[in-house]
Structures are given as C-alpha cells and as structure tokens.
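Chain residues, written in single-letter form:
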Amino acid sequence: MKKILVVDDETDVKDLFLQRFRREIRNAEFQLAFANSGEEALTYLAGHTSEVILILSDINMPGMSGFELLRHIRQDFQAPPPPVVMMITAYGDPDSERQAVSLGANDFLTKPLDFTVLKQKLHDLA
C-alpha cells in the first residue's frame, strides 16, 4: 500500500481527496494522510518517514510555504527511499515550476487538479 501525505491549508482538500480516491482507499492501494501546514507535515514525517512514499504539497500556504517545506524534506529526510514530492499550485507559472524542480521536486501540478492524471502518475510510481 502506498502512503501519501497531502499538505494543503485549504480545508476542503481532505474531503476532495477522500472522495476522489474512495475506490483506491477501499482496495487498499493507497492510504492518505493530511497536514494543514508545512510545520504539521514535518511533524508528521518525523514519526512516519519510512511509511510515506509520496508528498503532495501546495506551494502557497501561510507560515511555511511549500518551497520551504520541500527544502526541509530534501535536507532532513534523506533516508532511502526519499519520498517523491509533487508540488501543487494554482499558478502554473514557469518560475514556480523551475524553483520547485531546483529544490528537488519530482513533479509539478496545477490546480484544479486533474485526478485522472494524478492517479496515473501515482500508479506509475509502483
């Protein structure tokens, strides 16, 4: 089972992901965990590092941005295998994508998320 940590400050994101991944959760393909901030994500990862294979993080969040979170993940959680990080943003601008990739993001997605594409990317990780 693949454990995915979704990091986003928007409160409706959890319900949206649980709805869109209902079948995969029921079939034990994926297990989802949620954090509402970069700080909360780091606390979660400190206790679950080896379980999480993928982190989906929003870029624009109050407090610690997704870029700062990515920097911490790449510096502090290098134990193999390092988690795959996909950055999510409402702004599909090339500068944000370049910055995410330069900080170690594995992929870059824009909102609104195309869940068909996301699911295909997740299955490709297997």
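Residues numbered from 1 in each chain as written. Predicted model: local features only at pLDDT ≥ 70, side-chain atom pairs only at ≥ 80, totals over all residues. Heavy atoms only, no water.

An unreviewed UniProt entry lists the protein chain under the name Response regulator, with Spirosoma pollinicola given as the organism.

Draft legend 1. Up close: helix α3 (residues 38-48). Considered for burial, the residues of α3 that qualify are Gly38, Ala41, Leu42, Tyr44 and Leu45. The arc that holds the buried residues of α3, viewed along the axis, is 165 degrees, so those residues lie on one side. With respect to the buried face of α3, the exposed residues turned more than 90 degrees away are Thr43, Ala46 and Gly47. (Buried < 20%, exposed > 50% of the residue type's maximum accessible area, 1.4 Å probe, protein only. Helix = DSSP H or I, 4+ residues; strand = E, 2+ residues; numbered from the N terminus. Arc of directions from axis to C-beta.)

Draft legend 2. Layout of the packing of aromatic side chains. With the rule as written, the count across this model stands at 4 aromatic pairs. Each ring, one from Phe17 and one from Phe21, has its centre 5.9 Å from the other, and the planes form 5 degrees; the classification is stacked. Accessibility expressed as a relative area gives 3% for Phe17, which makes it buried. Relative to Phe115, the ring of Phe21 has its centre 6.0 Å away and its plane inclined at 70 degrees; by these criteria the two rings are edge-to-face. Residue Phe21 is found in the loop between α1 (12-20) and α2 (22-26), and its partner Phe115 is found in helix α6 (residues 115-124); the two are separated by 94 residues along the sequence. Given a relative accessible area of 1%, Phe21 falls into the buried group. Ring-pair connections join several aromatic residues into one group, and the members of that group are Phe17, Phe21, Phe30 and Phe115. In this structure, Lys119 packs its charged tip against the face of Phe21, placed 5.3 Å from the ring centre. (Phe/Tyr/Trp six-rings, centres within 6.5 Å; stacked < 30°, edge-to-face > 60°. Lys NZ or Arg CZ within 6 Å of the ring centre and 35° of its normal.)

Draft legend 3. How the structure looks around the pairing of strand β3 (residues 52-58). Taking burial as the measure, the 7 residues of β3 include 6 buried ones, the bulk of the element. Across 5 bridges, the pairing between strand β1 (residues 2-7) and β3 is parallel. By the bridge assignment, Val7 is partnered in β3 with Ser57. By the bridge criterion, 5 bridges tie β3 to strand β4 (residues 84-89) in an arrangement that is parallel. Bridge pairing in β4 links Ile55 to Val85. (Pairing = 2+ DSSP bridges.)

Draft legend 4. Just the sheet that holds strand β5 (residues 107-110), in detail. Overall, parallel pairing links the 5 strands, which are arranged β2-β1-β3-β4-β5 in an open sheet. A strand with exactly one partner marks an edge of an open sheet, and here the two such strands are β2 (30-35) and β5. Sheet twist, expressed as the mean angle between neighbouring strand axes with direction ignored, is 20 degrees. Pairing of β4 with β5 involves 4 bridges; the strand directions are parallel. (Axes fitted to C-alpha atoms, helices over the stretch in contact; angles between N-to-C directions.)

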